[in-house]
Amino acid sequence: MREITFKAFGITNEIDLNKIAIHCGIPKKFTWEEPLILKGDILKTILKKDVDESQMVLIFSFGSIVFINHTDAIEMKDLFSYIHSFEPDFEIVHADRYTDDYSLHIQETENIELTDEYVVVPEYEEFYPELISTVLAKSVALEKTEEQLGKIHDKLETMIDRLEKGRLRIGNKELARTTAKIVRHEYNTLAYIMILDKPDITWSSSSASEFYDKMGDFFELNDRYKILKSKTEILYNIMDGFSTISHSIRGLFVEWIVVILIVIEILLTIFEIAGWLPK
């Protein structure tokens, strides 16, 4: 049985593939839809050691990296350090926070068999490594975004607790910051990870399209996307409610100030008429 191993990491929200490609001497303009594939002499130069022909690293613009047939943790750390020189926002020590391991087994079988740890196919196809890497890359990116969404939920829960206790005082800056986090989450998940987009090879090969769809369904990419999209819409509705309540409280406060000023003016007029105050 032949085996190909995959290890995916979700390290950041965005990686500029073109900067890395230029540094590697790759004369190609990369778009969001395709990964940057490092292998052979280029990978050897980056890692400063010999690499096997079967070893590759796929870097995705939405912040995921997939190692194929790499088992050396030091090699992975060296690659992270290389990426960090272009994208210093992520912390190397936390690079393995969102990760997934998978493998491709080639053996005699009638149908493709999918499990949580591996997929079994009857014969090898050139598109398998890239399609599996793409699904894994999107899955770990979703995992990272799902946790970020949980943090936003925790923030809103605190604001709801304050509302229940009648102590909702939220400034415009706090509302703007929370809304910005929701917008950033939506951009990272719904736009940048491109869950609904399929690799180019799937449009020219029915076998590749079928395999990618099976992998995507098994990892529940579309279902997780729909859940995140629904939760994001709920967050927007909650923020609209907070904004309305906050503006109403401010409006009521201003109205009371106006009433108090009018009362003070009336009292001063009465005191002047009564002679208690000099005219």
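The structure under discussion appears in the preceding block.
1. Topic: the pattern of salt bridges
- Within this structure, the stated rule accounts for nine salt bridges.
- Measuring nitrogen to oxygen at the nearest pair gives 3.1 Å for the salt bridge that ties Arg224 to Glu146. Of this pair, Arg224 sits in helix H8 (residues 221–273) while Glu146 is found in helix H4 (residues 128–164), placing the two residues 78 residues apart along the sequence.
- Owing to a relative accessible area of 15%, Arg224 belongs among the buried residues under this scheme.

2. Some details on the environment of Gly63
- Its location among the elements puts Gly63 in the loop between strand E3 (56–59) and strand E4 (64–68).
- Counting along the chain gives 75 residues from Gly63 to Lys138, while the straight-line C-alpha distance between them is 9.3 Å.
- Here Gly63 is in contact with Phe9, Gly10, Ile11, Thr12, Asn13, Glu14 and Ile15, once residues within four sequence places are set aside.

3. Brief notes about the environment of Gly40
- Residue position: Gly40 is located in helix H2 (residues 40–47).
- By relative accessible area, Gly40 is classed as partly exposed at 34%.
- The spatial distance from the C-alpha of Gly40 to the C-alpha of Gln55 is 7.9 Å, given a sequence separation of 15 residues.

4. Some remarks on the sheet that holds strand E7 (residues 118–121)
- Strand order across the open sheet formed by seven strands is E2-E3-E4-E1-E5-E7-E6, with mixed pairing between neighbours. Each end of this open sheet is capped by a strand with a single partner; those strands are strand E2 (36–39) and strand E6 (113–114).
- Pairing of strand E1 (residues 2–10) with strand E5 (residues 99–106), which is carried by eight bridges, proceeds in the antiparallel orientation. Each bridged residue has a counterpart across the sheet, and for Thr5 the counterpart in E5 is Ser103.
- Packing against the sheet, helix H1 (residues 17–24) makes contact with E2 and E3, and its axis sits at approximately 30 degrees to E2.

5. Structural notes on H2
- Within H2, the full set of buried residues consists of Leu43, Ile46 and Leu47. When H2 is viewed along its axis, its buried side chains cluster within an angular range of 90 degrees and face the same direction. In H2, the exposed residues that point more than 90 degrees away from the buried face are Asp41 and Thr45.
- Those residues of H2 that are buried lie in contact with H1, E2, E3 and helix H3 (73–84).

6. Re the packing of H2 against H3
- Where H2 contacts H3, the two axes come as close as 9 Å, and the packing angle between them is 90 degrees. Taken together, H2 and H3 sit at an angle that is classed as roughly perpendicular. Residue-level inspection shows Leu43, Ile46 and Leu47 of H2 in contact with H3, the latter providing Glu75, Asp78, Leu79 and Tyr82.
- Residues that form the contact of H2 with H3 fall into these classes: five nonpolar, no polar and two charged.

The rules behind these values
Residues numbered from 1 in each chain as written. Predicted model: local features only at pLDDT ≥ 70, side-chain atom pairs only at ≥ 80, totals over all residues. Heavy atoms only, no water. Salt bridge = Lys/Arg side-chain N within 4 Å of Asp/Glu carboxyl O. Helix = DSSP H or I, 4+ residues; strand = E, 2+ residues; numbered from the N terminus. Buried < 20%, exposed > 50% of the residue type's maximum accessible area, 1.4 Å probe, protein only. Contact = heavy atoms within 4.5 Å. Pairing = 2+ DSSP bridges. Axes fitted to C-alpha atoms, helices over the stretch in contact; angles between N-to-C directions. Arc of directions from axis to C-beta. Parallel < 35°, antiparallel > 145°, perpendicular 65-115°, else oblique. Nonpolar A, V, L, I, M, F, W, Y, C, P; charged D, E, K, R; others polar.

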